[in-house]
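Here is what each chain is made of, one letter per residue.
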Amino acid sequence: MYKVAVIPGDGTGPEVVAEGLKVLKSLGRKIGFEYETETYDFGGERTMRTGEVLPDSAVEELRQFDAIYLGAIGHPDVKPGILEKGILLRLRFELDQYINLRPVKLYPGVDTPLKDKGPEDIDFVVVRENTEGLYTGSGGFLKKGNPDEVAIQTSINTRKGVERCLRYAFEYCRKRDREKSLTLCGKTNVLTFAFDLWERAFHEIGAMDYPDIHREYAHVDATCMWMVKNPEWFDVIVTDNMFGDIITDLGAMIQGGMGIAAGGNINPDPGGVSMFEPIGGSAPKYTGKGVINPMAAISAVQMMLEYLGETRASAILEKAIVEVVRIRLKSMSAGKMGYSTSEVGDLVVEALERV
Ligand code: IPM
Ligand code: MN
């Protein structure tokens, strides 16, 4: 019996999470796995109502679950940063979800803006470090508001944090068993401290423990170029928090858009609690209209099942997703799918019966 905490969150989060849960329910019946969910109302509305972003007890409670299923965080009436830092980043940090795993996979029949590229070219995974770098909140102001103001924001890179992320990426690349090629994405020509550490650790660990994995290095700017020009060159990319944030938005676009891109915030350690989410955000302008594509949220369920060890359920769900996006959806974009949000969920449930 799996225990899943559900945080629908803000904007269109609740709409897409409802479809993910619909699919999960139907799969559970079909495959025979059991789970229970508990819903938490963290997000902008609750923050405005209670003045509290995330109660301390919440983090402790969430540790008791096998996984967390998250919709979206971000509300137009709450100052940017408050909810993101107070909920999303706080959970990533306190639950030590040190990997942000973001597959970039173009399914057949889905449009990519890349000319002459197809599903055989766009199929790689980004392993983003998720607890360090520029995201730690290290830094501050000096003379804030004055003409001679100073703002400092420091990138924190620890040997331990870098090493555990690299090891996860090497292991993932080995398990994935495709090109067995791992690319470190950095900026060694400018960030000569941070990425010196990354690069040294990358080659030390690789040579010592992963001789079967081919090692590549690419600067982050060049990585953006190759992702557009020759995405087929990538198998697994490993990078720091900030660069990972940026290149995975680009990745989402080449795989068909935010309507389809999912990710997992993973704590791979024994007893670790991981959190799965569509990566698209709360999309306030589409809230309540029933036009947002829930496929990313449904893919997040698929990643969650894989992580829970429900390999068969995950494989069946991926087949259903592939079928629905290939034959049914006209587009991955909000309002252009040819179906409403809940109809897309229904299509996946229907497809599950056939695959
Ligand atoms: C993401 C988001 C978050 C991030 C924001 C909302 C804090 O962009 O999950 O990629 O920067 O990590
Ligand atoms: Mn992002």
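Because the structure is predicted, anything quoted here is derived from the model rather than measured. (Residues numbered from 1 in each chain as written. Chains lettered and ligands numbered in written order. Predicted model: local features only at pLDDT ≥ 70, side-chain atom pairs only at ≥ 80, totals over all residues. Heavy atoms only, no water.)

Draft legend 1. Spatial organisation of the overall build of the chain. Secondary structure summary: the chain contains 11 helices and 12 strands in total. Rg of the C-alpha trace for the chain: 20 Å, near the compact-globule value of 20 Å for 355 residues, within the 12% margin. With the C-alpha coordinates of the chain rotated into their principal frame, the extents come out at 55 × 50 × 40 Å. Contacts in the chain between residues far apart in sequence, at least 24 positions, make up 76% of those at least 6 positions apart. About 15700 Å² of surface is accessible on the chain, with carbon and sulfur atoms providing 52% of the total. In the chain, 41 side chains carry a positive charge and 52 a negative one; their mean positions are 2 Å apart. (Helix = DSSP H or I, 4+ residues; strand = E, 2+ residues; numbered from the N terminus. Rg over C-alpha atoms; globule rule 2.2 N^0.38 Å. Contact = heavy atoms within 4.5 Å. Areas by Shrake-Rupley, 256 points an atom, 1.4 Å probe, with all protein chains shown as cover. Lys, Arg positive; Asp, Glu negative; His and termini not counted. Charge placed at Lys NZ, Arg CZ, Asp CG, Glu CD.)

Draft legend 2. Region of interest: the sheet that holds strand 3 (residues 67–72). The strand order across the open sheet built from 10 strands is 2-1-3-12-11-4-5-10-8-9, with neighbouring strands paired in mixed fashion. Bordering the open sheet on either side are strand 2 (35–39) and strand 9 (214–219), each of which pairs with just one other strand. Averaged over all pairs of adjacent strands, the angle between their axes in this sheet comes to 25°, without regard to strand direction. Direction of pairing for strand 11 (residues 262–266) relative to strand 12 (residues 274–278): antiparallel, over a ladder of 4 bridges. In the sheet register, Asn265 faces strand 12, and the bridge partner there is Met275. (Pairing = 2+ DSSP bridges. Axes fitted to C-alpha atoms, helices over the stretch in contact; angles between N-to-C directions.)

Draft legend 3. Focus on empty space enclosed by the protein. One pass over the full model with this rule turns up 1 cavity of 30 Å³ or more. Estimated volume of the largest cavity: approximately 30 Å³. Residue lining of the largest cavity: Arg102, Pro103, Val104, Thr248, Gly251, Ala252, Gln255, Ala261, Ala262 and Ile279, and that is the complete set. Mapped by element, the contributors of at least two residues to the lining of the largest cavity are strand 4 (99–105) and helix 8 (241–254). Across the lining of the largest cavity, the residue classes break down as 6 nonpolar, 3 polar and 1 charged. (1 Å grid on protein atoms, 1.4 Å probe; cavity = no way out; pocket = protein on both sides within 12 Å on 5 of 7 lines; lining within 4 Å. Points joined across faces, edges and corners; volume = space filled by probe spheres on them. Nonpolar A, V, L, I, M, F, W, Y, C, P; charged D, E, K, R; others polar.)

Draft legend 4. Region of interest: the domain arrangement of the chain. Its domain assignment divides the chain into domain 1 (1–97 + 268–355) and domain 2 (112–255). The gap between the C-alpha centroids of domain 1 and domain 2 is 25 Å. Across the boundary between the two partners, domain 1 contributes 7 residues, which contact 10 residues of domain 2. In this assembly, domain 1 packs against domain 2 so that about 750 Å² is buried in total across both faces, 56% of it on carbon and sulfur atoms. Interface area lost by domain 1 to domain 2 is led by Arg92, Phe93 and Ile279, which between them contribute 53%. The interface formed by domain 1 and domain 2 holds 1 salt bridge in total. With a shortest N-O distance of 2.9 Å, Arg164 and Asp96 are connected by a salt bridge. Here domain 1 and domain 2 share 2 residue pairs in polar contact (both at pLDDT 80 or more) between them. (Domains from an automatic or database assignment. Buried area = accessible area lost by both parts, 1.4 Å probe. Salt bridge = Lys/Arg side-chain N within 4 Å of Asp/Glu carboxyl O. Polar contact = N/O pair within 3.5 Å; in protein donor to acceptor, adjacent residues only side chain to side chain.)

Draft legend 5. Structural context of a nonpolar patch on the surface. Taken together, the side chains of Leu142, Val150 and Ile152 present a nonpolar region at the surface, about 260 Å² in accessible area. By the secondary structure assignment, Ile152 is in strand 7 (residues 150–153). (Patch = residues over 30% accessible without salt bridge, like charges linked within 9 Å, V, L, I, M, F, W, Y side chains within 5 Å.)

Draft legend 6. The packing of aromatic side chains, seen in detail. Considering all chains together, one arrives at 12 aromatic pairs under this definition. Ring geometry for Phe195 and Phe243: centres 5.4 Å apart, planes at 5°, overall stacked. You can see Phe195 sitting in helix 6 (residues 194–209) and its partner Phe243 sitting in helix 8, a full 48 residues away along the chain. Neither Phe195 nor Phe243 differs from the other in exposure class; each is buried. The residue whose ring lies beneath Lys3 is Phe65, and the NZ or CZ to ring-centre distance is 5.0 Å. (Phe/Tyr/Trp six-rings, centres within 6.5 Å; stacked < 30°, edge-to-face > 60°. Buried < 20%, exposed > 50% of the residue type's maximum accessible area, 1.4 Å probe, protein only. Lys NZ or Arg CZ within 6 Å of the ring centre and 35° of its normal.)

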